Amino acid sequence: MKSLRENVVSLIIGLMLVLAFLIAIRLFVETRYIPSQSMIPTLQINDRVILEKISCWTKQFNRGDIITFYPPPIEMGGHELSSDPLVLMGRLTGLPCFPNEVAFIKRVIGVPGDTIEIKSGVGVFVNGKLLEENYVSEKPEYDLKVLGDIKGRNTYGEDIQPFASPELCDKPIVIPDGQLFVMGDNRNCSEDSHVYGPVDQNRIVGKAFIKIWPKLEIMTPDQTR
C-alpha cells in the first residue's frame, strides 16, 4: 500500500505531465471564443475558433488572414504583457484557473511595405487600389490618409493618437517590416489599427483556420485584392 507521501508525489507528477501536455499542444494550436461584434458578419459573438501557431514561427501572414493577437500597450492604457508567473501559466496552458490576458481578433489588411488609405463611405485602399471586400458589413465612416489620422479611444476610454509627433503625423501610412495593419470586418464597431496603428507580429497568438462552434467550418482566408 502506498504511503501518503508516495500518493502526493504521484499526484504532483501527474499534474506536471498534464501541464506539459497542454503546453505542448498550445505550441501548435489554441482555441479562442469571440467576445465582441468587431468581426461580424464573419464571426459572431460566442463563436469558437481554432488557431494554428506555426505561422507565428515562420512569420507567414497574408492579406485576408484572420489573426488573434495581444493588443499594443497604447490600446491597453500603457499596460504591457505581464511577467507574473500565474499569468504566464495562463498564457502557456489556457486553463481557466489561471489569469488570461486580453487578445483581439481581426483581419490582416496591410502587410510590410503596403501603403494604406481609407476613404469614408468608399473603403480601404492598399497601394492605391480599392480592396474588394465582400465580407465587410458596412463601409468605414472615417478617413485615414496619414499617420496622424490614426487615433481614437482605447479600451480604457482614453483618447490616443500614437503618431501625433510633428515628424510623423504627416507621413503616409506605410507598414514597417515585422508589423501588420489589421481591421475588424465590422468596420465601424472595431478598435483596430485605425485607432492604435500597425501590430507587431511578435504579439500574434495565432491564425484562425477552423470555426468549431456553432458549426464546424474551415476558414479559408479571403485573399483580399
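The coordinates are above.
Keep in mind it's a predicted model, so treat the numbers as computed, not measured. (Residues numbered from 1 in each chain as written. Predicted model: local features only at pLDDT ≥ 70, side-chain atom pairs only at ≥ 80, totals over all residues. Heavy atoms only, no water.)

A.B. asks: Can you help me understand the overall build of the protein in this one?
C.D. replies: Scanning the protein for helices and strands turns up four helices and 14 strands. Taking all 225 residues of the protein together, the buried fraction comes to 41%. Here the contacts in the protein between residues at least 6 apart in sequence split such that 68% fall between residues at least 24 apart. Roughly 12200 Å² of accessible area belongs to the protein as shown, and the carbon and sulfur atoms make up 60% of that amount. For the protein, the separation between the mean place of its 24 positive charges and that of its 28 negative charges on side chains is 5 Å. (Helix = DSSP H or I, 4+ residues; strand = E, 2+ residues; numbered from the N terminus. Buried < 20%, exposed > 50% of the residue type's maximum accessible area, 1.4 Å probe, protein only. Contact = heavy atoms within 4.5 Å. Areas by Shrake-Rupley, 256 points an atom, 1.4 Å probe, with all protein chains shown as cover. Lys, Arg positive; Asp, Glu negative; His and termini not counted. Charge placed at Lys NZ, Arg CZ, Asp CG, Glu CD.)

A.B. asks: For this particular structure, what's the right way to read the environment of S137?
C.D. replies: Here S137 shows up in the loop between β7 (129-130) and β8 (152-153). The sequence separation of S137 and I173 amounts to 36 residues, and the corresponding C-alpha distance is 24 Å. Those residues in contact with S137 that sit more than four places away from it in its chain are I40, P41, D185, N186 and R187. Polar side-chain contacts of S137 include one of 3.3 Å to the side chain of N186. (Polar contact = N/O pair within 3.5 Å; in protein donor to acceptor, adjacent residues only side chain to side chain.)

A.B. asks: Where do I start with the pairing of strand β5 (residues 115-119) in this structure?
C.D. replies: Remark: a regular strand shows side chains that alternate across the two faces of the sheet. Here β5 shows a clear split, with I116 and I118 buried on one side and none of T115, E117 and K119 buried on the other. Bridge analysis of β5 against strand β10 (residues 173-174) gives two bridges, and the strand direction is antiparallel. The residue bridging T115 from the neighbouring strand is V174, located in β10. In this structure, β5 lies alongside strand β6 (residues 123-126), joined through four bridges in antiparallel fashion. Considered in β6, the bridge of I118 is made with V124. The hairpin turn running from β5 into β6, its antiparallel successor, is three residues long, and G121 in that turn takes a positive phi close to 75 degrees. (Pairing = 2+ DSSP bridges.)

A.B. asks: Explain the packing of aromatic side chains here, please?
C.D. replies: Aromatic rings considered in pairs are described by the distance between their centres and by the relative angle of their planes. In total, this model carries three aromatic pairs according to the counting rule given. Cluster of aromatic residues (ring-pair linked, three or more members): F69, F104 and Y196. Sitting above the plane of the Y70 ring, R91 keeps its charged end 6.0 Å from the centroid. For R107, the ring lying beneath its charged end belongs to Y135, and the centroid distance is 3.7 Å. (Phe/Tyr/Trp six-rings, centres within 6.5 Å; stacked < 30°, edge-to-face > 60°. Lys NZ or Arg CZ within 6 Å of the ring centre and 35° of its normal.)

A.B. asks: I keep staring at the sheet that holds β6 and nothing clicks. Help me out?
C.D. replies: With antiparallel pairing, the four strands of this open sheet are ordered in space as β7-β6-β5-β10. Here the strands that pair on one side only, and so sit at the sheet edges, are β7 and β10.

A.B. asks: How should the side chain of R203 be read in this particular structure?
C.D. replies: Locating R203 in the fold gives a position in the loop between β12 (199-200) and β13 (204-213). Polar side-chain contacts of R203 include one of 2.9 Å to the side chain of E80.

A.B. asks: I'm lost on the pattern of salt bridges in this one. Help?
C.D. replies: Between side chains of opposite charge, a pair can form as their charged atoms come close. A complete count under the given rule lists twelve salt bridges for this structure. Residue E30 pairs with R32 through a salt bridge whose shortest N-O separation is 2.7 Å. When sorted by exposure, E30 lands in the same class as R32, which is buried. The salt bridge partner of K207 is E52, with a shortest N-O separation of 4.0 Å. With K207 in strand β13 and E52 in strand β2 (residues 48-52), this pair connects stretches of sequence that are 155 residues apart. Looking at E52, the relative accessible area reads 17%, which means it is buried. Salt bridges sharing partners connect three or more residues here, namely E30, R32 and K53. (Salt bridge = Lys/Arg side-chain N within 4 Å of Asp/Glu carboxyl O.)

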